[in-house]
Amino acid sequence: MNKMNRIAVLTSGGDSPGMNAALRAVARTCMFNDKECIGVMRGYEGLIDGDFIPLDHQAVGGIIHKGGTILRTARSERFRTPEGREEAIARMKDAGIDGLVVIGGDGSFHGAKALHDLGFPTIGIPGTIDNDITGTDETIGFDTAVNTALEAIMKLRDTASSHQRLFVVEVMGRNAGFLALEVAVATGAEYAVVPELPLSIGNLVKILKNSYSLHKTHTLIVLAEGVMSAAEMREQLADAGGYDARVTVLGYIQRGGHPTSFYVVLANMMGAFAADNLKIGNSGMIVGNINHKLVLSPLERAWSEHKSLSPEMLSLINKMN
Ligand code: F6P
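Residues numbered from 1 in each chain as written. Predicted model: local features only at pLDDT ≥ 70, side-chain atom pairs only at ≥ 80, totals over all residues. Heavy atoms only, no water.

### Some remarks on the domain arrangement of the chain
Heads up, the condition is: The domain limits used here are those given by an automatic or database domain assignment. Residues count as neighbours in contact if any of their non-hydrogen atoms are within 4.5 Å of one another. Computed with a 1.4 Å rolling probe, the buried area is the accessible surface lost when two parts are put together, summed over both parts. Whenever a carboxyl oxygen of Asp or Glu lies within 4 Å of a side-chain nitrogen of Lys or Arg, that contact is scored as a salt bridge. Polar contacts here mean pairs of N or O atoms no more than 3.5 Å apart (in protein, one a potential hydrogen donor and the other a potential acceptor; neighbouring residues in sequence count only if both atoms are side-chain atoms). Only Asp, Glu, Lys and Arg are considered charged, only Ala, Val, Leu, Ile, Met, Phe, Trp, Tyr, Cys and Pro nonpolar, and every remaining residue, Gly among them, polar.
You can read the domains of the chain as domain 1 (6–141 + 259–304) and domain 2 (142–256). Once you take the C-alpha centre of each, domain 1 and domain 2 turn out to be 33 Å apart. Facing the 16 residues of domain 1 at the interface are 14 residues of domain 2. Both sides of the domain 1 and domain 2 interface together cover about 1300 Å² of buried area, and 52% of this is carbon and sulfur. For the pair domain 1 and domain 2, the interface holds two salt bridges. Ionic pairing is found between Arg255 and Asp15, a salt bridge with its closest N-O pair at 2.8 Å. Scanning the region where domain 1 abuts domain 2 turns up eight residue pairs in polar contact (both at pLDDT 80 or more). Broken down by class, the residue content of the side of domain 1 that touches domain 2 amounts to five nonpolar, seven polar and four charged.

### Examining helix α7 (residues 201–213)
Just so we agree on the cut-off: Secondary structure elements are taken from DSSP: a helix is a run of H or I of four residues or more, a strand is a run of E of two residues or more, and numbering for both begins at the N terminus. Working rule for helices: expected span equals 1.5 Å times residues minus one. Think of it in three bands: residues with accessible area under 20% of the maximum for their type are buried, residues over 50% are exposed, and the middle band is partly exposed, with areas taken using a 1.4 Å probe on protein chains only. By arc we mean the arc of the directions from the helix axis to the C-beta atoms, nothing more.
If you check α7, its first and last C-alpha atoms are 18 Å apart, about what 13 residues at 1.5 Å a residue would give, namely 18 Å. Within α7 the residues assigned to the buried category are Ile201, Leu204, Val205, Ile207, Leu208 and Ser211. One face of α7 carries all of its buried residues, which in axial projection span an arc of 160 degrees. In α7, those exposed residues whose orientation departs by more than 90 degrees from the buried face are Lys206 and Lys209.

### As for the nonpolar core
This is how it is decided: Residue types Ala, Val, Leu, Ile, Met, Phe, Trp, Tyr and Cys, when buried and joined through side-chain atoms within 4.5 Å, form a set referred to as a nonpolar core.
Counting 77 residues, the largest nonpolar core has Val9, Val101, Ile125, Ile221, Val222, Met233 and Leu237 as the members making the most contacts within it. Ranked by residues supplied to this core, first place goes to helix α9 (residues 261–279) with eight residues. Of the domains in this structure, domain 1 (6–141 + 259–304) and domain 2 (142–256) are the two that each give at least three residues to this core. Beyond its immediate stretch of four places on either side in the chain, Val101 contacts Ile7, Ala8, Val9, Leu10, Val26, Ile123, Ile125, Ala274 and Leu278. Ala8, Ala88, Ile97 and Ala112 belong to the second-largest nonpolar core, a separate cluster that totals 22 residues.

### With respect to the sheet that holds strand β11 (residues 293–298)
Just so we agree on the cut-off: At least two bridges found by DSSP between two strands is the condition for calling them paired. Here the axes come from fitting lines to C-alpha atoms, over the contacting stretch only for helices, and the angles between their N-to-C directions go from 0 to 180 degrees.
Taken in spatial order, the seven strands make up an open sheet running β3-β2-β1-β4-β5-β10-β11, and their pairing is mixed. Taken across any chain shown, the strands that pair with only one partner, and hence form the sheet edges, are β3 (52–54) and β11. Taken pair by pair, the neighbouring strands of this sheet meet at an average axis angle of 30 degrees, ignoring direction. Bridge count for strand β2 (residues 36–40) against β3 is three bridges, and the pairing is antiparallel. Considered in β3, the bridge of Ile38 is made with Pro54.

Shown next as structure tokens:
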């Protein structure tokens, strides 16, 4: 008989909109399965400290559309050490916890894999605005971050076109260009600068010249933070073509806000799928949504296999300016 009676859930790494919906789904599925659910505060830090709270019906009520994470999150240096990991497992065993769901990005999944390798049943749910996790088409929070950026850039467009200005907007995404590319396409930007494509300032200057010759009211470049900072790009454009770009760094605003409806649904599906799979003995896996189907793949896929940008979407960079 499976002795998975008490399941814990934590959120780790950068928060992303939809984490609350996912942890709520884990908790509600546990209750449906007659299991207890425990929330771990502050990610792996709280795991080492034994900072646990019961996640009953009330605790997860009214949070489905809230941004951030009610469990808080952290990036834990202590958990990178073997002692920290042993301590975390001891704390969970003391509390009668039999399995763990980790909601986070690839750094969080390294931790989840370490627990699995130490014999502790663990399953991951991809929650990051970066969408840089192999094994799933979308990560929880990505679409919301794109929409947040879209809303901000639409406001920038008003002032940009009033002054006929060139704007460079820096978006997050860590080392990947998923966010920048999607934001560029969604906002109708003239160009997207992403880490996955070599940057030619010469080519960019040509595109800008063309944009000016077409008498566009303004020009917008979306820049992924993984390439360079917006301030650096501003300097390069001034040096290469004499352009005077205005820059905006969207920053942490992209991580906040309530999740879009599609992602609330996705978070619900992933949370329930994770809890159900842990219950039947699956471990060392991440939940993914591939071609609209929920699947499990080994945790290490998240960082060992490269996730590529859609070639069709990449080709739009040059077609749409
Ligand atoms: O991974 C999510 C993310 O927001 C990245 O896009 C960004 O580079 C990073 O986190 C920022 O991390 P921190 O919250 O530690 O400053």
